[in-house]
Amino acid sequence: MPRFRPILDELAAYRPGKAVVSADGRSFKLSSNESPYDPLPSVLRSIAAAAAEVHRYPDPACVRLTEALAERFGVPPEHIALGAGSVTVAQQLFAAVSDPGAEVVYAWRSFEAYPLLADLAGAVSVRVPLAAETHDLAAMAAAITPRTRMVFVCNPNNPTGTVNRAAELTAFLDQVPRDVLVVLDEAYREYVRDADVPDGVTLYADRPNVAVLRTFSKAYGLAGLRVGYLIAHEPVAAAIRKTTVPFAVNSIAQAAAVASLAAEDELLERVETVVKERTRVREALLAQGWEVPPTEANFVWLRLGDRTVEFADRCAVDGVAVRPYAGDGARVSIGSREANDTFLTAAEAFLRA
């Protein structure tokens, strides 16, 4: 029998959002925070053109995409590192900082992949409980020790949708030792409408220990192609590029991401529609009697405790898949108007029951 690392015996695999089908054949997947829209026609044309060249290896340096991102954000190309989705870039970050005994601090509950990536990298997870569904930055700062190598701040937070605003975030960054890397995980940045939530790309500029993590999976609707990126000062970005698997971002994904940046104005019109639906769904839930924290992402959060799985099962009866976190709550993505209305009907039925 081959010998494997002992940690694999304890490791729980990442659980992706699933789809369900009702008895009458309806299916609304609100469990994975995906865009409800198909790719734009211009993006599809770029995908088709790139598909004709798949017998060639992709550009390992992602030069065109790196240059497009550098122009979009006004940063040097040397400050950008890419990977197959932001979760893979996060894995590269863990690989870059994790020595035996190294600690990584993050809020809990937050992105479900953090503990998995920490365990795989051999890092020690330091989980700091949320306060009022939001990162407790003061407690996170207090949790930093000489063994801490990295801190993740998911803003907006997944799965609660809550945010940390400018004053508290900058105060936190001022407390973090300069040899500790702070990663601002901003996968849902495009959905933020609170003007007091800072843009990480602005914050990182004069902070060499701050990195910003973004993705094309959510607002840009390229979840199936896997493109994520990091913006950080050159020493950080260079370290992350060293941990990249060769040819990690495929040629079709690179072409689609470049085309998406070129069509960003059109894409962000779709994002605005999702934001309006987010407001409508949250207000409807509040009217039904639910407690729903303000959200700046493309989903809402319901704290359900022991009834979480029961709630998810009730939604599944109507063909609505939500993301249950057993014992904590359920995250519900904002989808099409029909999907959202079907979810609201199921949520109200659960309350009445």
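Residues numbered from 1 in each chain as written. Predicted model: local features only at pLDDT ≥ 70, side-chain atom pairs only at ≥ 80, totals over all residues. Heavy atoms only, no water.

The chain is annotated in an unreviewed UniProt entry as Aromatic amino acid aminotransferase from Sphaerisporangium dianthi. Here is the UniProt Subunit (unreviewed entry) comment for the chain, exactly as written: "Homodimer." (UniProt positions renumbered as here; feature names shortened; annotations may be inferred.)

When helices and strands are counted, the chain shows 12 helices and 12 strands. The C-alpha atoms of the chain give a radius of gyration of 20 Å, which matches the 20 Å a tight globule of 353 residues would have. Each principal axis of the C-alpha distribution contributes one length, and for the chain these read about 55 × 55 × 50 Å. Here the chain holds 353 residues, and the buried ones make up 53% of them. Look at the contacts in the chain between residues 6 or more apart in sequence, and 73% of them connect residues 24 or more apart. Only carbon and sulfur atoms are counted for the fraction: they give 54% of the accessible area of the chain, which is about 15,800 Å². (Helix = DSSP H or I, 4+ residues; strand = E, 2+ residues; numbered from the N terminus. Rg over C-alpha atoms; globule rule 2.2 N^0.38 Å. Buried < 20%, exposed > 50% of the residue type's maximum accessible area, 1.4 Å probe, protein only. Contact = heavy atoms within 4.5 Å. Areas by Shrake-Rupley, 256 points an atom, 1.4 Å probe, with all protein chains shown as cover.)

Now for the side chain of Arg-331. The topology assignment puts Arg-331 in strand 12 (residues 329-333). For the buried Arg-331, no salt bridge is present, and the opposite-charge side chain at shortest range is Glu-112, 6.6 Å distant. Among the polar contacts made by the side chain of Arg-331, one reaches the side chain of Asn-33 at a distance of 3.3 Å. Looking at Arg-331, its side chain comes within polar contact range of the side chain of Asn-158, at 2.8 Å. (Lys, Arg positive; Asp, Glu negative; His and termini not counted. Salt bridge = Lys/Arg side-chain N within 4 Å of Asp/Glu carboxyl O. Polar contact = N/O pair within 3.5 Å; in protein donor to acceptor, adjacent residues only side chain to side chain.)

Looking now at the pattern of salt bridges. Evaluation of the coordinates by the stated rule reveals 21 salt bridges. Residues Arg-165 and Asp-194 are paired through a salt bridge, measuring 2.7 Å at the closest nitrogen-oxygen approach. Taken together, the residues span a long stretch of sequence, with Arg-165 in the loop between strand 5 (148-154) and helix 6 (166-175) and Asp-194 in the loop between strand 6 (181-185) and helix 7 (200-204) at a distance of 29 residues. Classification of Arg-165 by relative accessible area gives partly exposed; the value is 35%. A salt bridge links Arg-214 to Glu-186, with the shortest nitrogen-to-oxygen separation between them at 2.7 Å. Of the two residues, Arg-214 sits in strand 7 (residues 210-215) while Glu-186 sits in the loop between strand 6 and helix 7, which places them 28 residues apart along the sequence. Classification of Arg-214 as buried rests on a relative accessible area of 3%.

Before going further, it helps to spend a moment on the environment of Val-89. Looking at the element boundaries, Val-89 is found in helix 3 (residues 86-97). For Val-89, a relative accessible area of 0% corresponds to the buried category. Aside from chain neighbours lying at most four places away, what touches Val-89 is Leu-82, Gly-83, Leu-213, Gly-228, Tyr-229, Leu-230 and Ile-240.

With that out of the way, let us pick up empty space enclosed by the protein. A full pass over the atoms with the stated rule returns 1 cavity of 30 Å³ or more. There is about 70 Å³ of room inside the largest cavity. Taken together, the residues of the lining of the largest cavity sort by class into 8 nonpolar, 3 polar and 2 charged. (1 Å grid on protein atoms, 1.4 Å probe; cavity = no way out; pocket = protein on both sides within 12 Å on 5 of 7 lines; lining within 4 Å. Points joined across faces, edges and corners; volume = space filled by probe spheres on them. Nonpolar A, V, L, I, M, F, W, Y, C, P; charged D, E, K, R; others polar.)

Estimates place the volume of the largest pocket at around 500 Å³. Taken together, 27 residues line the largest pocket, and the ones lying closest to its centre are Tyr-14, Ser-32, Phe-111, Lys-218 and Arg-226. The set of elements that each furnish at least two residues to the lining of the largest pocket consists of helix 3, helix 4 (113-121), strand 7 and strand 11 (323-325). When its residues are assigned to classes, the lining of the largest pocket shows 12 nonpolar, 7 polar and 8 charged.

The next subject is unusual backbone geometry. Trp-108 connects to Arg-109 through a cis peptide bond whose omega is 20 degrees. The topology assignment puts Arg-109 in the loop between strand 3 (103-108) and helix 4. Even without a glycine there, the phi angle at Asn-33 is positive, about 55 degrees. Located in the positive-phi region is Glu-133, a residue other than glycine, with phi close to 70 degrees. One can find Glu-133 in the loop between strand 4 (124-129) and helix 5 (137-142). Look at Glu-133 and you get buried, because its relative accessible area is 15%.

Cross-referencing UniProt, the feature "modified residue: N6-(pyridoxal phosphate)lysine" (unreviewed entry) maps to Lys-218 in the present numbering. With respect to the helices and strands, Lys-218 occurs in the loop between strand 7 and strand 8 (228-232). When residues no more than four places from it in sequence are discounted, the contact partners of Lys-218 are Ser-32, Asn-33, Ser-35, Ala-187, Tyr-188 and Tyr-191.

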